Amino acid sequence: MATLRDIKRRITSVKSTQQITKAMKLVAAAKLRRAQERILEARPYAFKMQEVLASLALRADPQYHPLLRRRETSRKIVVVIASDKGLCGGFNSNIMRRSLEMLRGTADEVTVTLVVVGRKARDFYRRRPYAIRSEQIGFFDRLAYDHAAALGQELANAYVAEEADEIHLIYNEFKSVATQRVVVERLLPIEPLQASEELAAVDFIYEPSPQAILEGLLPKHVEVQVYRALMESLAGEYGARMTAMDAASRNATEMIDLLTLQFNKARQERITRELLEVVGGAEALRQARG
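Residues numbered from 1 in each chain as written. Predicted model: local features only at pLDDT ≥ 70, side-chain atom pairs only at ≥ 80, totals over all residues. Heavy atoms only, no water.

- Within an unreviewed UniProt entry, the label attached to the chain reads ATP synthase gamma chain, and the organism entered is Candidatus Methylomirabilis limnetica.
- One UniProt comment on the chain, placed under Sequence similarities (unreviewed entry), says "Belongs to the ATPase gamma chain family." (UniProt positions renumbered as here; feature names shortened; annotations may be inferred.)

So, in structure tokens, the structure goes:
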């Protein structure tokens, strides 16, 4: 049975842990607000660019730009976006589970290489038999467009060089503080809009030329979509950590209450035992004198 000292030590330890979880919750909440503002500002631009490029892919000649060319799939690049840190509930485990399902469901004749973003994704796939093309870690606390631009250029160059026939993103989409949704999204080749008679009758007038416009627009599209995915993941990470630390703080409170009850009960038992010993000793002394 635990002694009073052991119980008191456990109460002190849990209180210290609770202070840490409360502080982490406050830090995550402060960072979440800024990350949420950034993703809400970036989404309309990214979605509209995606819509325009999807419409463009429907009617533009694939020869205008190599990023429009579609090939038979024999090689894939999968970009797995996780976090650099833990203590955020099921945020990372959901990503790893979904990415593994995708990898295991890929046909045997298709070669898959990974681009892992975040230390958790890197550490997870280092222990598994999958080829890692590149690693991107340690930048989420200072995430800027330049990070997405570098990754987007790497992916676009790989597609142009025919090192991959498809490129997919797997990331957590931020829905709310308590909810993140794992998204598997094809980045390249661009998915064209569903054709209709009205849509097919519409065409664009390119000025100065289709080649010049697509040369600037398509690489930018890749960068913007990667940037949106990184920001979605970052906001989702802060939301998940805030929720996890709030739950941990509540659990710590419940454990402190339980340990305090055990401590009071053990102390009462100890006092009762000491009183019985005193009474028993007094009675024995009285009998010895009598």
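1. Let's talk about the packing of helix 2 (residues 91-104) against helix 3 (residues 119-126)
Turning to step 1, where the next piece is worked out: The interhelical angle for the contact between helix 2 and helix 3, taken along N-to-C directions, is 45°, at an axis separation of 11 Å. Taken together, the axes of helix 2 and helix 3 lie oblique to each other. Crossing of helix 2 against helix 3: the hand is right-handed. Between helix 2 and helix 3, the contacting residues are Asn92, Met96, Ser99, Leu100 and Leu103 on the first element and Lys120, Ala121, Phe124 and Tyr125 on the second.
Turning to step 2, where the next piece is worked out: Grouping the constituent residues of the contact of helix 2 with helix 3 by class yields six nonpolar, two polar and one charged. (Axes fitted to C-alpha atoms, helices over the stretch in contact; angles between N-to-C directions. Helix = DSSP H or I, 4+ residues; strand = E, 2+ residues; numbered from the N terminus. Parallel < 35°, antiparallel > 145°, perpendicular 65-115°, else oblique. Left-handed = near helix turned anticlockwise from the far one by under 90°. Contact = heavy atoms within 4.5 Å. Nonpolar A, V, L, I, M, F, W, Y, C, P; charged D, E, K, R; others polar.)

2. A closer look at the sheet that holds strand 1 (residues 75-81)
Turning to step 1, where the next piece is worked out: If you walk across this open sheet you meet the five strands as 3-2-1-4-5, and the pairing is mixed. Either end of the sheet is taken by a strand with one partner, and the two such strands are strand 3 (131-136) and strand 5 (179-188). Neighbour to neighbour, the strand axes of the sheet diverge by 20° on average, direction disregarded.
Turning to step 2, where the next piece is worked out: Inspection of the sheet shows strand 4 (residues 166-176) paired to strand 5 by nine bridges, in the antiparallel sense. Across the sheet, Ile170 pairs through a bridge with Val184, a residue of strand 5.
Turning to step 3, where the next piece is worked out: Across the sheet, helix 3 touches strand 1, strand 2 (111-117) and strand 3, and the angle it forms with strand 2 is around 140°.
Turning to step 4, where the next piece is worked out: Set on the sheet, helix 4 (residues 145-160) makes contact with strand 1, strand 2, strand 3, strand 4 and strand 5; between it and strand 3 the angle comes to about 150°. (Pairing = 2+ DSSP bridges.)

3. Focus: the packing of aromatic side chains
Where two aromatic rings form a pair, the distance of their centres and the angle of their planes describe that pair.
Turning to step 1, where the next piece is worked out: Scanning the entire structure with this criterion turns up four aromatic pairs.
Turning to step 2, where the next piece is worked out: The interplanar angle of 80° and the centroid separation of 5.8 Å between the aromatic rings of Tyr125 and Tyr130 together place this pair among those described as edge-to-face.
Turning to step 3, where the next piece is worked out: For Tyr125, a relative accessible area of 0% puts it in the buried group.
Turning to step 4, where the next piece is worked out: Overall, the relative accessible area of 26% leaves Tyr130 in the partly exposed class.
Turning to step 5, where the next piece is worked out: Note that Arg71 overlies the ring of Tyr159, its terminal NZ or CZ placed 4.4 Å from the centroid.
Turning to step 6, where the next piece is worked out: Over the ring of Phe124 we find Arg128, and its NZ or CZ is 3.7 Å from the ring centre. (Phe/Tyr/Trp six-rings, centres within 6.5 Å; stacked < 30°, edge-to-face > 60°. Buried < 20%, exposed > 50% of the residue type's maximum accessible area, 1.4 Å probe, protein only. Lys NZ or Arg CZ within 6 Å of the ring centre and 35° of its normal.)

4. Topic: the side chain of His221
Turning to step 1, where the next piece is worked out: Checked against the element boundaries, His221 lands in helix 6 (residues 210-289).
Turning to step 2, where the next piece is worked out: Here His221 is in contact with Met49, Gln50, Leu53 and Ile190, once residues within four sequence places are set aside.

5. Remarks on the layout of surface pockets
Turning to step 1, where the next piece is worked out: Space inside the largest pocket adds up to approximately 220 Å³.
Turning to step 2, where the next piece is worked out: Broken down by secondary-structure element, the contributors of at least two residues to the lining of the largest pocket are helix 1 (4-59) and helix 6.
Turning to step 3, where the next piece is worked out: Per element, the largest residue contribution to the lining of the largest pocket is four residues, and it comes from helix 1.
Turning to step 4, where the next piece is worked out: Considering only residue class, the lining of the largest pocket consists of six nonpolar, one polar and seven charged. (1 Å grid on protein atoms, 1.4 Å probe; cavity = no way out; pocket = protein on both sides within 12 Å on 5 of 7 lines; lining within 4 Å. Points joined across faces, edges and corners; volume = space filled by probe spheres on them.)

6. Points about the pairing of strand 3
Remark: a regular strand shows side chains that alternate across the two faces of the sheet.
Turning to step 1, where the next piece is worked out: The pairing of strand 2 with strand 3 spans five bridges and is classified as parallel. Its bridge partner being in strand 3, Val115 is matched across the sheet by Ser134.
Turning to step 2, where the next piece is worked out: In this region the chain leaves strand 2, passes through helix 3 and returns to the parallel neighbour strand 3; the handedness of that crossover is right-handed. (Right-handed = clockwise from strand over helix to strand, strands pointing away.)

7. Quick word on helix 3
Turning to step 1, where the next piece is worked out: Of all the positions in helix 3, only Ala121, Arg122, Phe124 and Tyr125 are classed as buried. Mapping the buried residues of helix 3 onto a view down its axis gives an arc of 165°, with all of them on the same face. (Arc of directions from axis to C-beta.)

8. Some words on the nonpolar core
Turning to step 1, where the next piece is worked out: Ranked by internal contacts, the top residues of the largest apolar core, which has 45 residues, are Val79, Leu155, Ile167 and Leu230.
Turning to step 2, where the next piece is worked out: Within the residue set of this core, elements represented by two or more residues are helix 1, strand 1, strand 2, helix 4, strand 4, strand 5 and helix 6.
Turning to step 3, where the next piece is worked out: Broken down by element, the residue count for this core peaks at 12 residues, all from helix 6.
Turning to step 4, where the next piece is worked out: Setting aside its immediate chain neighbours within four residues, Leu155 contacts Ile77, Val79, Val115, Ile167, Leu187, Leu188 and Val226.
Turning to step 5, where the next piece is worked out: One finds Leu100, Leu103, Val110 and Tyr125 within the second-largest nonpolar core, a separate group that totals 16 residues. (Core = buried A, V, L, I, M, F, W, Y, C linked by side-chain atoms within 4.5 Å.)

9. Regarding the pattern of salt bridges
Turning to step 1, where the next piece is worked out: Under the definition given, this model contains 20 salt bridges.
Turning to step 2, where the next piece is worked out: Residue Glu232 is joined to Arg43 by a salt bridge in which the shortest nitrogen-to-oxygen separation is 2.8 Å. Taken together, the positions of Glu232 in helix 6 and Arg43 in helix 1 put the pair 189 residues apart, joining distant regions of the chain.
Turning to step 3, where the next piece is worked out: Looking at Arg43, the relative accessible area reads 17%, which means it is buried.
Turning to step 4, where the next piece is worked out: Residue Arg126 pairs with Glu135 through a salt bridge whose shortest N-O separation is 3.5 Å.
Turning to step 5, where the next piece is worked out: On the accessibility criterion, Arg126 (53% relative accessible area) is exposed.
Turning to step 6, where the next piece is worked out: Overlapping salt bridges bring together Arg43, Glu185, Arg228 and Glu232 as one network. (Salt bridge = Lys/Arg side-chain N within 4 Å of Asp/Glu carboxyl O.)

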